[in-house]
Amino acid sequence: MSLESITEQIRQKLSFAPQINAKVKFDFGDTGVVFVDATQNPPVISHEDAEATTTLSCSVDTFM
């Protein structure tokens, strides 16, 4: 699964979630990162490697 596909799935799931008011980074190692700034409404999602409130590190396979 590509980083773009993962990003789109996260975007879709966030549309159903309550606002979490945090910055979360999904770190997939060499594959890249997905950064979610949910302090904004709607959340801003990018591949920027920015400082986050919480960082979740795992492989893409584990994430899926």
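A brief look at the structure comes next. All values derive from a computational prediction rather than experimental measurement.

Comments concerning the pattern of salt bridges
Moving on, step 1. Enumeration over the complete set of coordinates arrives at 2 salt bridges.
Moving on, step 2. Arg 11 is the salt-bridge partner of Glu 8, the closest N and O atoms lying 3.3 Å from each other. Here Glu 8 and its partner Arg 11 are both found in helix H1 (residues 3-14), 3 residues apart, which amounts to about one turn of the helix.
Moving on, step 3. Overall, Glu 8 belongs to the partly exposed group, its relative accessible area being 36%.
Moving on, step 4. Assessed through its relative accessible area of 37%, Arg 11 is described here as partly exposed.
Moving on, step 5. Between Lys 25 and Asp 49 there is a salt bridge, with its nearest N and O atoms 2.7 Å apart.

A closer look at the sheet that holds strand E4 (residues 54-57)
Moving on, step 1. Across the sheet, 4 strands lie side by side as E3-E2-E1-E4; this open sheet has mixed pairing. For this open sheet the edge positions go to strand E3 (44-46) and E4, each flanked by a neighbour on one side alone. Neighbour to neighbour, the strand axes of the sheet diverge by 15° on average, direction disregarded.
Moving on, step 2. Two elements, strand E1 (residues 23-27) and E4, share 4 bridges in a ladder whose sense is parallel. Looking at the pairing, Val 24 lines up with Thr 54 of E4.
Moving on, step 3. Lying on the sheet, H1 is in contact with E1, strand E2 (33-37) and E3; it crosses E2 at an angle near 25°.

Concerning the environment of Thr 62
Moving on, step 1. Position of Thr 62 relative to the elements: it lies in helix H2 (residues 60-63).
Moving on, step 2. In this structure, the C-alpha to C-alpha distance between Thr 62 and Asp 30, residues 32 residues apart in sequence, is 14 Å.

Some remarks on the side chain of Thr 7
Moving on, step 1. Position of Thr 7 among the secondary structure elements: in helix H1.
Moving on, step 2. Within the local environment of Thr 7, its side chain forms a polar contact with the backbone oxygen of Leu 3, the two atoms lying 2.7 Å apart.
Moving on, step 3. Excluding its chain neighbours within four sequence positions, the residues that come into contact with Thr 7 are Val 34, Ile 45 and His 47.

Looking at the packing of aromatic side chains
Working definition: an aromatic ring pair is given by the centre-to-centre distance plus the angle between the planes.
Moving on, step 1. Applying the stated rule across the entire model yields 2 aromatic pairs.
Moving on, step 2. An angle of 70° between the planes, with centres 5.4 Å apart, marks the rings of Phe 26 and Phe 63 as edge-to-face. Separated by 37 residues along the polypeptide, Phe 26 in strand E1 and Phe 63 in helix H2 bring together distant segments of the chain.
Moving on, step 3. Taking 5.2 Å as the distance between ring centres and 75° as the angle between the ring planes, the aromatic pair formed by Phe 28 and Phe 63 counts as edge-to-face. Separated by 35 residues along the polypeptide, Phe 28 in the loop between E1 and E2 and Phe 63 in helix H2 bring together distant segments of the chain.
Moving on, step 4. Judged by its relative accessible area of 29%, Phe 63 falls in the partly exposed class.
Moving on, step 5. Following the ring pairs from residue to residue traces out a cluster consisting of Phe 26, Phe 28 and Phe 63.

Conventions adopted
- Residues numbered from 1 in each chain as written.
- Predicted model: local features only at pLDDT ≥ 70, side-chain atom pairs only at ≥ 80, totals over all residues.
- Heavy atoms only, no water.
- Salt bridge = Lys/Arg side-chain N within 4 Å of Asp/Glu carboxyl O.
- Helix = DSSP H or I, 4+ residues; strand = E, 2+ residues; numbered from the N terminus.
- Buried < 20%, exposed > 50% of the residue type's maximum accessible area, 1.4 Å probe, protein only.
- Pairing = 2+ DSSP bridges.
- Axes fitted to C-alpha atoms, helices over the stretch in contact; angles between N-to-C directions.
- Contact = heavy atoms within 4.5 Å.
- Polar contact = N/O pair within 3.5 Å; in protein donor to acceptor, adjacent residues only side chain to side chain.
- Phe/Tyr/Trp six-rings, centres within 6.5 Å; stacked < 30°, edge-to-face > 60°.

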